[in-house]
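Descriptive structure summary
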Amino acid sequence: MADPVAATPALPTFADVAAAARRIEGVAHRTPVLTSRTADAMTGASLFFKAENLQRGGAFKFRGAYNAIAALPDEVRAHGVIAFSSGNHAQAIALASRLLGVPAVIVMPEDAPQVKVEVTRGYGAEVVTYDRYSQDREVLGREIAQARGLTLIPPYDHPEVIAGQGTLALELIEETGPLDMLVACLGGGGQLAGCALAAAERSPGVAIYGVEPEAGDDGRRSFHAGRVVTIPVPRTIADGAQTTYLGQITFPIIRGRVADIVTVSDAELVETMRFFASRMKLVVEPTGCLAAAAVLHGKLDVAGKRVGIVISGGNVDIASFARLVAPAT
Ligand SMILES: *Cc1c(COP(=O)(O)O)cnc(C)c1O
């Protein structure tokens, strides 16, 4: 007989984050924690930026991807893994698979940017394309997974992915000591949930915030409604946060441990990209600016506080970057 409890996904805990930290050690970069006197002066706070734009694969997603694949039982892992994504998760799965010697299939829309397809192939993954207007990628992905015995690694709603993402907060707090606030970028919630698990344990009393694009505020709405709210695909330059709902695993963790979720506009993201480029010499993609944009644009009351901020990724093609950071004429 089916056990009703077994249908509820098991939530990861701090112990899973600690196990993830051991798995990724020496493989993922321990990214630097940066400070800026200009940013501190603008906000009256002490800000600590965790620079995951300098992570392998260009984003924090490598942590969760590597951890999830490494945690599979040997005989399961040997068959290979599959992911659907045209973004940072795909690159992270492709890179992690190569490092672990595991075959990987990435399902991408056939109109995905050619550079992304090439980077993913360059890491040795097999790219299977589909027509996003006529084919359902999940159906296609499941068919391929079943036919070849591959394990699906989702981008955020997976205990080992969440635990892997949490390692960034573990490293951050190891370096800074206790924080008053921790601000993360929010798409499907893997980063925020993982960071919440780590920070609640290592910096008790820290107030944890998630930041979403204004147009894609499903997380904020879900947080306040107490249930997962689904929205249509939002129009925003934050392409890594165009998710339309939080996960079944990420939501309860966020609901239980996060203080609030706030939003920023695309214009605020662009200003933050300019700030990072001109003041801190960093290339940060729009989605990677979410947390910093909220702090630099007064969406959170940070004055007098010690605040950790996740810079989550730097994968933006150089032409878009140049266009976005160029001064308005
Ligand atoms: C995926 C991604 C996010 C959102 O992460 P979730 O775990 O889905 O909330 C934020 N920033 C970047 C750069 C990403 O690639």
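In what follows, the structure referred to is the one given above.
Within any chain, residue numbers begin from 1 and follow the written order of that chain's sequence. Local features in a predicted model are, by the rule used here, given only for residues with pLDDT of at least 70; side-chain atom pairs are given and counted only at 80 or more, and totals for whole chains, interfaces and linings are based on all residues. Excluded from the side-chain calculations are hydrogens and water; all other atoms, namely the structure's heavy atoms, are used.

**A few points about the overall build of the chain**
The cut-off we apply is this: Numbering goes from the N terminus for both helices and strands, where a helix is a DSSP run of H or I of at least four residues and a strand is a run of E of at least two. Here the globule rule reads 2.2 Å times residues to the power 0.38, and the radius of gyration is calculated from C-alpha atoms. For each residue, the accessible area found with a 1.4 Å probe, counting protein chains only, is set against the maximum for its type, and the residue is called buried under 20%, exposed over 50%, and partly exposed in between. Two residues form a contact once any of their heavy atoms are found within 4.5 Å. Note on areas: Shrake-Rupley with a 1.4 Å probe; residue coverage comes only from the protein chains shown. Charged-residue counts in this description rest on Lys and Arg as positive and Asp and Glu as negative, His and the chain ends being excluded. Note that the charge is assigned to NZ on lysines, CZ on arginines, CG on aspartates and CD on glutamates.
When you go through the chain residue by residue, the secondary structure sums to 14 helices and 10 strands. Since a compact globule built from 329 residues should have a radius of gyration of about 20 Å, the 19 Å found for the chain is in line with a globular shape. If one aligns the C-alpha atoms of the chain with their principal axes, the spans along those axes are about 55 × 50 × 40 Å. Burial analysis of the chain (329 residues in total) assigns 57% to the buried set. The long-range fraction of contacts in the chain, counting pairs at least 24 apart against all pairs at least 6 apart in sequence, stands at 73%. When the accessible surface of the chain is totalled, it reaches about 14,000 Å², and 51% of it is carbon and sulfur. With 30 positive and 34 negative side-chain charges, the chain shows a separation of 4 Å between the mean positions of the two kinds.

**Some points on the pairing of strand β4 (residues 104-109)**
Condition: Should DSSP find at least two bridges between two strands, the strands are taken to pair.
Here β4 lies mainly inside the structure; six of its six residues are buried. Burial along β4 is two-sided: the face carrying A104, I106 and M108 and the face carrying V105, V107 and P109 are both buried. Direction of pairing for strand β3 (residues 81-84) relative to β4: parallel, over a ladder of four bridges. Along β4, the bridge assignment pairs A83 with I106.

**Brief notes about the pattern of salt bridges**
Which entries qualify depends on this criterion: Any carboxyl oxygen of Asp or Glu within 4 Å of a side-chain nitrogen of Lys or Arg constitutes a salt bridge here.
Using the criterion set out here, one finds 13 salt bridges in the structure. In this structure, K116 engages D239 in a salt bridge whose closest nitrogen and oxygen atoms are separated by 3.9 Å. Here the residue K116 occupies a position in helix α6 (residues 114-122), and D239 occupies one in the loop between α10 (218-225) and α11 (250-257), the gap between them amounting to 123 residues. Residue classification places K116 among the buried positions, given a relative accessible area of 18%. Here D217 ties to R221 by a salt bridge, and the two come within 3.1 Å at their closest N and O atoms. When salt bridges with common partners are traced through the structure, they connect K50, E52, R63 and E171 into a single cluster.

**Let's talk about the site of the ligand**
For the record, the criterion: Throughout, near means a residue has at least one heavy atom within 4 Å of the molecule or strand. What qualifies as a polar contact is a pair of N or O atoms within 3.5 Å, subject to a donor-acceptor requirement within protein and to the restriction that residues adjacent in sequence count only when both atoms come from side chains.
Every one of the 15 residues lining the ligand counts as a neighbour, but K61, N88, G187, G189 and S312 are closest to it. The backbone of G189 places a nitrogen or oxygen atom 2.7 Å from an oxygen atom of the ligand. Measuring from an oxygen atom of the ligand, one finds a backbone N or O atom of G190 at 2.9 Å. Here the ligand, which alone exposes 380 Å², has 97% of that area covered by the protein.

**Quick look at the packing of aromatic side chains**
The condition is simple: Two rings from Phe, Tyr or Trp (for Trp, the six-membered ring) form a pair when their centres sit within 6.5 Å of each other. Planes less than 30 degrees apart are called stacked, planes more than 60 degrees apart edge-to-face, and all others tilted.
With the rule as written, the count across this model stands at three aromatic pairs. With centroids separated by 5.7 Å and ring planes inclined at 45°, the aromatic side chains of F62 and Y66 adopt a geometry described as tilted. In this pair, F62 and Y66 both sit in helix α3 (residues 61-70), four residues apart, roughly one turn of the helix. The same class applies to F62 and to Y66, which are both buried. Ring centres of F275 and F276 lie 6.0 Å apart, and the angle between their planes is 65°; this geometry places the pair in the edge-to-face category. Per residue, the accessibility class of F275 equals that of F276, and both read buried. In this structure an aromatic cluster arises from ring pairing among F49, F275 and F276.

**So, the environment of V76**
Note on placement: V76 falls in helix α4 (residues 74-79). For V76, a relative accessible area of 29% gives the class partly exposed. When the C-alpha positions of V76 and T151 are compared, they lie 7.5 Å apart, and in sequence the two are 75 residues distant.

**Some details on the sheet that holds β3**
In sheet architecture, strand pairing relies on hydrogen bonds along the backbone and comes in two forms, parallel and antiparallel. To keep things clear, this is the line we draw: Axis definition: a line fitted to C-alpha atoms, limited for helices to the stretch in contact. Angles are taken between N-to-C directions and run from 0 to 180 degrees.
Ordered in space as β5-β4-β3-β6, the four strands form an open sheet in which the pairing is parallel. In this open sheet, the two edge strands, each paired with only one partner strand, are β5 (126-130) and β6 (151-152). In terms of strand pairing, β3 meets β6 through two bridges, oriented parallel. When the sheet's bridge partners are listed, V81 is paired in β6 with T151. Running over the sheet, helix α5 (residues 88-100) touches β3 and β4 and is turned about 165° from β4. Its contacts with the sheet place α6 against β4 and β5, and it is angled at close to 175° to β4.

**Quick word on the sheet that holds strand β8 (residues 207-213)**
Here we have six strands laid out as an open sheet, ordered β1-β2-β10-β7-β8-β9, and mixed in their pairing. The sheet terminates laterally at β1 (33-34) and β9 (260-264), the two strands that pair on one side only. As paired strands, β1 and strand β2 (residues 46-51) are joined by two bridges and run antiparallel to one another. Counted as the bridge partner of L34 is F49 from β2.

**Considering helix α14 (residues 318-325)**
Cut-off, in case you're wondering: The reported arc concerns the directions from the helix axis to the C-beta atoms and nothing else.
Buried within α14 we find S320, F321, L324 and V325. Along the axis of α14, the buried positions cluster into a sector of 115°, meaning they face one direction only. Every exposed residue of α14 that faces more than 90 degrees away from the buried side is listed here: I318, A319 and R323. Residues of α14 that are buried sit in contact with α12 (266-280).

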